[in-house]
Amino acid sequence: MSTDTGGEQGRTAYVIVGGGLAAAKAVEGIRESDQTGSILLVAQEDRLPYERPPLSKGVLLGDDEMDTAFTHDRDWYAEQHVELRLGTPATSLDTEQHELTLDGGEVVRYEKLLIATGSTPRALDVPGADLDGVLYLREMQESEALKARLTDGARVVLIGAGWIGLEVAAAARHHGSSATIIEPQAAPLLGVMGEEVGGWFAELHRGHGVELRLGEGVERIEGDGRVTGVVTKSGDTVPADVVVVGVGITPNTGLAEGAGIETGNGIVTDPGLRTSAEGVWAAGDVANWRSTTLDTNVRVEHWANAQDGGLAAGRSMAGQDVTYDPIPFFFSDQYDIGLEYAGYVPRGTDAQVVLRGKPSSNEFMAFWVVPEGEGVRVLAGMHVNVWDTIDDVQRLVREHTVVDPARLGDPGVPLGELAGSSS
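What counts, and where the lines are drawn
Here the residue numbering is sequential within each chain, running from 1 through the sequence in written order. Only residues with pLDDT of at least 70 are given local features in this predicted model, and only at 80 or more are side-chain atom pairs given and counted; all residues enter the totals for whole chains, interfaces and linings. Excluding hydrogens and water, the side-chain values take into account all heavy atoms of the structure. Strands here mean DSSP runs of E at least two residues long; helices mean DSSP runs of H or I at least four residues long; both are numbered from the N terminus. Note on classification: 1.4 Å probe, protein chains only; a residue is buried when its accessible area is under 20% of the maximum for its type, exposed when over 50%, partly exposed between these limits. The contact criterion used throughout is that any non-hydrogen atoms of two residues lie within 4.5 Å. Fitted lines through C-alpha atoms serve as axes, helices being fitted only where they are in contact, and the angles separating the N-to-C directions of these axes extend from 0 to 180 degrees. An angle counts as roughly parallel when it lies under 35 degrees, as roughly antiparallel when it exceeds 145, as roughly perpendicular when it falls between 65 and 115, and as oblique in every other case. It is the rotation of the near helix from the far one that decides the hand of a crossing: anticlockwise by less than a right angle makes it left-handed, clockwise makes it right-handed. N or O atoms within 3.5 Å of each other form a polar contact, as long as, within protein, one can give a hydrogen and the other can take it, and as long as residues adjacent in sequence are counted only when both atoms are side-chain atoms. When the centres of two rings from Phe, Tyr and Trp lie within 6.5 Å, Trp using its six-membered ring, the rings pair. Their planes under 30 degrees apart give stacked, over 60 give edge-to-face, and anything left gives tilted. Any two strands with at least two DSSP-identified bridges between them are counted as paired. Using a grid of 1 Å spacing that covers the protein atoms alone, one calls a set of points a cavity when a 1.4 Å probe fits there but cannot get out, and a pocket when the set is open and has protein on both sides within 12 Å along at least five of seven lines; lining residues are those with an atom within 4 Å of a point. Grid points are joined across faces, edges and corners, and a volume is the space filled by probe spheres set on the points. pLDDT is a per-residue confidence score from the predictor, ranging from 0 to 100. Multiplying 1.5 Å by the helix residue count minus one yields the expected span of that helix. We define the bend at each residue as the angle formed by axes fitted to the 7 residues ending at it and the 7 residues starting at it. By convention a nonpolar core is built from buried Ala, Val, Leu, Ile, Met, Phe, Trp, Tyr and Cys residues, the set being connected through side-chain atoms within 4.5 Å. As used here, the arc belongs to the directions running from the helix axis to the C-beta atoms.

1. Description of the overall build of the protein
Stage number 1. For the protein, the helix and strand inventory stands at twelve helices and 27 strands.
Stage number 2. Dimensions along the principal axes, computed over C-alpha positions, put the protein at roughly 65 × 65 × 35 Å.
Stage number 3. Taking all 423 residues of the protein together, 54% fall into the buried category.
Stage number 4. In the protein, the share of contacts with a sequence separation of at least 24, taken over all contacts with a separation of at least 6, comes to 61%.

If you want it as structure tokens, here you go:
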């Protein structure tokens, strides 16, 4: 069976594969320039496209209702003349024939197609990982299931001290659950933040009653149908009513790989988010785009990239001259801490950390820098409860500004003064 909904030679003008924020924003980007071209949105989940940060933040804390995560309501898609095919995974792509095959065998012919398939949590490969009560947090139903289990007195074990593990630990404590984090590295977020800032995250959580078992791995998960505990590699058993696994995610590149599209840490794109296949774009977690400012390929797994990248891809598909070149950005809320981070530190970079303010005050900034000339160049910066600073951080990164590290670390020197200096 073939589906034609208008467009050149009976093809759908725009097909979007994905059910997240990037897919929804792509519709907005398309409609800026093309108000009439047919759009079909194909999503694996049987829900409207939604944003993921609320799943581990406001929704999990109980501050927001689940429906606040939806990017748009159903009426909006109708107003934009978007055909929704929800709960219908795409199974294969033929880029030569411009055909997308859906689960069940239906074939959709397209003019332009966006792959915004996101990513999937890495599975924990230990005995007992399939027990009831072992959860991941990526999709809406997983957030719903986890929220129901975060009750007063529940014993929650987090495997992995990344962003998901830390935010869920904070939510668990908010609901009166106990929380234990098991992490094989020496500090939370070690690969991103380094030992000093990672150590601050550890102390933040310890100060709120979280037990951290750092430098420790998981041997197995125990239970009789339902989880009762986590056995560490050192032989300790940590009692558990619920286990949340957060050990990273993997970009969903299967559709692209099957079509022969170039991949490598995601789907490789140019600055216009075009893939190696004619008529195919990629955006969101799955896209590994070429950044002209950073002079490298970049793939990030954060809300801002899904929002901005989806919009840019839609504009590019609709014929606008697009160069997608943001400074990567993310945010996190934990307890009474709000933080924002901007920049990009390539893996393997021997970056130094410059602190502005005292971490013990829970109001400070951190900068990841490399030596250049007579000073340092800022690759990334983060503030913790020091608001209205992230624009200056992004300016420092974007303009490759060389600064005196002593002035960078001095709270008495206005950050805007440094950001306004030339490199």
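2. Details of the packing of helix H6 (residues 163-174) against helix H7 (residues 190-206)
Stage number 1. Between H6 and H7, the shortest axis-to-axis distance is 11 Å and the interhelical angle comes to 20°. Between H6 and H7, the angle is such that the two are roughly parallel. Like other packed secondary-structure pairs, H6 and H7 cross with a definite hand, here left-handed. When H6 is examined against H7, the residues Trp163, Leu166, Ala169 and Ala170 are found in contact with a partner set consisting of Met193, Phe201 and His205.

3. Digging into the environment of Tyr324
Stage number 1. Along the polypeptide, Tyr324 turns up in the loop between helix H9 (303-317) and strand S22 (329-334).
Stage number 2. Separated by eleven residues in the primary sequence, Tyr324 and Ala313 have C-alpha atoms spaced 8.3 Å apart.
Stage number 3. With near-sequence residues (within four places) excluded, Tyr324 lies in contact with Pro271, Leu273, Trp289, Arg290, Ala304, Asn305, Asp308, Gly309 and Ala312.
Stage number 4. For Tyr324, the side chain forms a polar contact with the main-chain nitrogen of Gly309, separated by 3.3 Å.

4. Thoughts on the packing of aromatic side chains
Stage number 1. Following the criterion strictly, the structure yields ten aromatic pairs and no others.
Stage number 2. What links up through ring pairs into an aromatic cluster is the set Trp163, Trp200, Phe201, Phe330, Tyr341, Phe364 and Trp368.

5. Remarks on the side chain of His205
Stage number 1. Relative to the assigned elements, His205 resides in helix H7.
Stage number 2. According to the relative accessible area criterion, His205 is buried, its value standing at 0%.
Stage number 3. Among all residues touching His205, those that are not within four sequence positions of it are Leu166, Ala169, Ala170, Val210, Leu212, Gln334 and Tyr335.

6. Observations regarding the pairing of strand S4 (residues 82-86)
Stage number 1. Across the five residues that make up S4, a large majority, four, are buried.
Stage number 2. Sheet topology note: the strand S3 (residues 39-43)/S4 ladder contains five bridges and is parallel. From the neighbouring strand, Ile39 faces S4, where its bridge partner is Val82.

7. Here's the deal with the layout of surface pockets
Stage number 1. Within this model, the second largest pocket holds a volume of roughly 160 Å³.
Stage number 2. Lining of the second largest pocket is provided by Thr293, Leu294, Thr296, Tyr344, Pro346, Thr349, Val370, Arg377, Val378, Leu379, Val397 and His400.
Stage number 3. Examining the composition of the lining of the second largest pocket, we find that three residues originate from one element, strand S26 (residues 375-384), more than from any other.

8. Some thoughts on the confidence of the model for the protein
Stage number 1. Counting all residues, the mean pLDDT for the protein is 95, and 97% of those residues have values of 70 or more.
Stage number 2. Counting contacts from residues 1-6, a segment whose pLDDT is below 50, to residues more than four positions away or on other chains yields 21 contacts.

9. Observations concerning the sheet that holds strand S21 (residues 296-298)
Stage number 1. With mixed pairing, the three strands of this open sheet are ordered in space as S18-S20-S21. Lying at the two open borders of the sheet, with one neighbouring strand each, are strand S18 (267-268) and S21.
Stage number 2. Here S18 runs beside strand S20 (residues 287-291); their pairing, made up of two bridges, is parallel. Paired with Val268 across the two strands is Asn288, which belongs to S20.

10. Overview of H7
Stage number 1. The terminal C-alpha atoms of H7, which comprises 17 residues, lie only 17 Å apart, well short of the 24 Å expected from a rise of 1.5 Å per residue.
Stage number 2. Along its length, H7 shows its largest kink, about 85°, at Glu196.
Stage number 3. Within the span of H7, buried status applies to Met193, Val197, Gly198, Trp200, Phe201, Ala202, Leu204 and His205.

11. Description of the nonpolar core
Note on soluble globular proteins: their nonpolar side chains tend to be buried together.
Stage number 1. Membership of the largest hydrophobic core comes to 55 residues, with the highest contact counts inside it found for Ile16, Leu41, Leu114, Phe367, Leu396 and Leu408.
Stage number 2. In terms of residues, this core owes the most to one element, helix H1 (residues 21-33), which gives seven residues.
Stage number 3. Excluding residues that lie within four positions of it along the chain, Leu41 makes contacts with Ile16, Gly18, Ala23, Val27, Pro49, Tyr77, Val82, Glu83, Leu84, Arg85 and Leu86.
Stage number 4. Met66, Leu204, Val210 and Val244 belong to the second-largest nonpolar core, a separate cluster that totals 43 residues.

12. With respect to helix H10 (residues 390-398)
In an α-helix, one full turn covers 3.6 residues, which means residues spaced three or four apart are oriented alike.
Stage number 1. By the burial criterion, the buried members of H10 are Ile390, Asp392, Val393, Leu396 and Val397. When H10 is viewed along its axis, its buried side chains cluster within an angular range of 160° and face the same direction.
Stage number 2. At the exit of H10 stands His400, carrying a positive phi of roughly 55°.

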